[in-house]
Amino acid sequence: MSSTPQHYVIGTAGHVDHGKSTLVKALTGIDPDRLREEKEREMTIDLGFAWLRLPSGRQVSIVDVPGHERFIKNMLAGVGGIDAALLVIAADEGPMPQTDEHLAILDLLQVGRGVVALTKIDLVDDEWRAMVTEEVSDKLHGTSLAAAPIVPVSAVTGAGLDALLQALDAMLDTIPPRGETSYPRLPVDRVFTMPGFGTVVTGTLLGGPLDVGQEVEILPSGLRGRVRGLQSHRARVERAMPGTRTAVNLSGVAVDDVTRGDVLVSSPGRLQPTLLLDARLRGVAGSPVPLEHNDAVDFFVGASETSARVALLDRERIDPGEEGWVQVRFTRPVVVDRGDRFIVRRPSPSLTIGGGVVVDAHPARHRRHRPEVIAALEVLASGTPDEIVAQALADRPVELRALVRVTGLPEGEVREAAQRLVEARAIVVL
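Residues numbered from 1 in each chain as written. Predicted model: local features only at pLDDT ≥ 70, side-chain atom pairs only at ≥ 80, totals over all residues. Heavy atoms only, no water.

Q: Help me understand the overall build of the protein, please; the structure alone is not making it clear to me.
A: Each helix and strand counted, the protein has 10 helices and 24 strands in total. For 430 residues, the compact-globule estimate of 2.2 N^0.38 gives 22 Å, and the C-alpha radius of gyration of the protein, at 22 Å, lies within 12% of that figure. With the C-alpha coordinates aligned to their principal axes, the bounding extent of the protein is approximately 70 × 55 × 45 Å. Within the span of the protein, comprising 430 residues, buried residues form 53% of the whole. Residue pairs at least 24 apart in sequence account for 69% of intrachain contacts in the protein once pairs closer than 6 positions are excluded. Summed over its atoms, the accessible surface of the protein is roughly 19,200 Å², and 49% of this surface lies on carbon and sulfur atoms. (Helix = DSSP H or I, 4+ residues; strand = E, 2+ residues; numbered from the N terminus. Rg over C-alpha atoms; globule rule 2.2 N^0.38 Å. Buried < 20%, exposed > 50% of the residue type's maximum accessible area, 1.4 Å probe, protein only. Contact = heavy atoms within 4.5 Å. Areas by Shrake-Rupley, 256 points an atom, 1.4 Å probe, with all protein chains shown as cover.)

This is the structure we're talking about:
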């Protein structure tokens, strides 16, 4: 068992006016609505952040997302790095349209841990609550949150809040330890400046720890800077750990040089922006439209949104609930790695139509309906490290540093796999 405590990020989800922000404030004492317009309209517009200590003593970060359909893009910027979901459904209304869309997004991102908070139970009687609970249970069936407990609560009276905290704690107990990759990265979801400090970016830190004084790169621009200071939960730290909400004070980078969707990395050259990627994509079950070859989409990964077209490699269309191999072609560079999960939406009318996982972040341009292309993608998706490295070397020689980037595997795994392949005379070192 690791001596380093695990850190977790929980993201809210649910329909507008079902009480997400009110519940977060009741649990944490922190109002996640920080914008004046949000307070005036009593509606979450952008991402909000809070934190709390659970009964076990573990601290968790909370990302509160907007529930209105007009702000779905802000919601998507906040759920990319979460470990678990807090799905909020009001007992007096039950599941609503954005409940369905948020649940579909969590399912496509394979967020497999969560708790459902059935809010506003002070407004309904026991019979109505039982009926809505059954309806919610039916909604969860067949999704990644099928096993999520449903906890009735009232942020107004405080009923059920202790039970909700216990349920969140028990749910996090089931999450396996997060493996660290060889490099940290932070998808930027907020950028601002502080008098006397300069540029600050925030996000959920992934992959590995980040230290004060470390050199960093901002992608896709390639700007270099240095970590001047770090905060987590508004407390200064010398080292930020993966899985934490982290604020990074940067030196050498102007606030206008960074925007939401950029990615901060500490290993310059480890990630490179791409205009193409290969992926396995699944259509949203119950969607009114399929995804057809060369459809224009809005592509969401991490905290970024980019226009793209989707080439279908093994079929003419992907119907709702079906899967297929695709090559995504972007209008501007995107920062992704193998294994990243993404969402695609139809631009007009705005609609979530699918999502999936990246299997190759730097592919060649493919021709469609080629069995050898599909076979190679199958290896990249589910092969052993040896098979993945061999596949990456099938068409061309690749330097070790580039091989790490191309395969998306940790450097240690790539070195070990390459050594085994050399010993088996499957590859040669030039």
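Q: Just to check I follow, could you spell out the packing of helix α9 (residues 400-407) against helix α10 (residues 411-423) for this structure?
A: Geometry of a packed helix pair, given as the angle between the helix axes and the separation of the axes. Where α9 meets α10, the axes come as close as 10 Å, and the angle between the chain directions of the two elements is 110°. Compared by their axis directions, α9 and α10 come out roughly perpendicular. Read as a crossing pair, α9 and α10 show a hand that is right-handed. Along the contact surface, α9 presents Leu400, Leu403, Val404 and Thr407, while α10 presents Glu411, Val414 and Arg415. Broken down by class, the residue content of the contact of α9 with α10 amounts to four nonpolar, one polar and two charged. (Axes fitted to C-alpha atoms, helices over the stretch in contact; angles between N-to-C directions. Parallel < 35°, antiparallel > 145°, perpendicular 65-115°, else oblique. Left-handed = near helix turned anticlockwise from the far one by under 90°. Nonpolar A, V, L, I, M, F, W, Y, C, P; charged D, E, K, R; others polar.)

Q: Sorry if this is basic, but what is going on with the sheet that holds strand β2 (residues 48-53) here?
A: Two modes of strand pairing occur in sheets, parallel and antiparallel, and in both the strands are linked by backbone hydrogen bonds. In space, the six strands of this open sheet follow the order β2-β3-β1-β4-β5-β6, with mixed pairing throughout. Of all strands in the sheet, those bounded by a partner on one side alone are β2 and β6 (150-152). Looking at each pair of strands side by side, their axes are set apart by 25° on average, direction ignored. Here strand β1 (residues 8-13) runs beside strand β4 (residues 84-90); their pairing, made up of four bridges, is parallel. Note on β4: the bridge partner recorded for threonine 12 is leucine 86. (Pairing = 2+ DSSP bridges.)

Q: It is not clear to me how the packing of aromatic side chains should be interpreted in this structure. Could you clarify?
A: Two aromatic rings, taken as a pair, are described by how far apart their centres are and by the angle between their planes. In total, this model carries two aromatic pairs according to the counting rule given. On the basis of an interplanar angle of 80° and a centroid distance of 4.9 Å, the ring pair of phenylalanine 299 and phenylalanine 330 is categorised as edge-to-face. With phenylalanine 299 in strand β19 (residues 295-301) and phenylalanine 330 in strand β22 (residues 323-334), this pair connects stretches of sequence that are 31 residues apart. When the centroid spacing of 4.8 Å and the interplanar angle of 25° are considered together, the rings of phenylalanine 299 and phenylalanine 342 count as stacked. Taken together, the residues span a long stretch of sequence, with phenylalanine 299 in strand β19 and phenylalanine 342 in strand β23 (residues 341-346) at a distance of 43 residues. An identical accessibility class is assigned to phenylalanine 299 and phenylalanine 342; each is buried. Over the aromatic face of phenylalanine 192 sits the side chain of arginine 190, whose NZ or CZ is 4.4 Å from the ring centroid. Of note, arginine 280 hangs over the ring of tryptophan 325, and the distance from its end group to the ring centre comes to 5.0 Å. (Phe/Tyr/Trp six-rings, centres within 6.5 Å; stacked < 30°, edge-to-face > 60°. Lys NZ or Arg CZ within 6 Å of the ring centre and 35° of its normal.)

The analysis is restricted to geometry; functional conclusions fall outside its scope.
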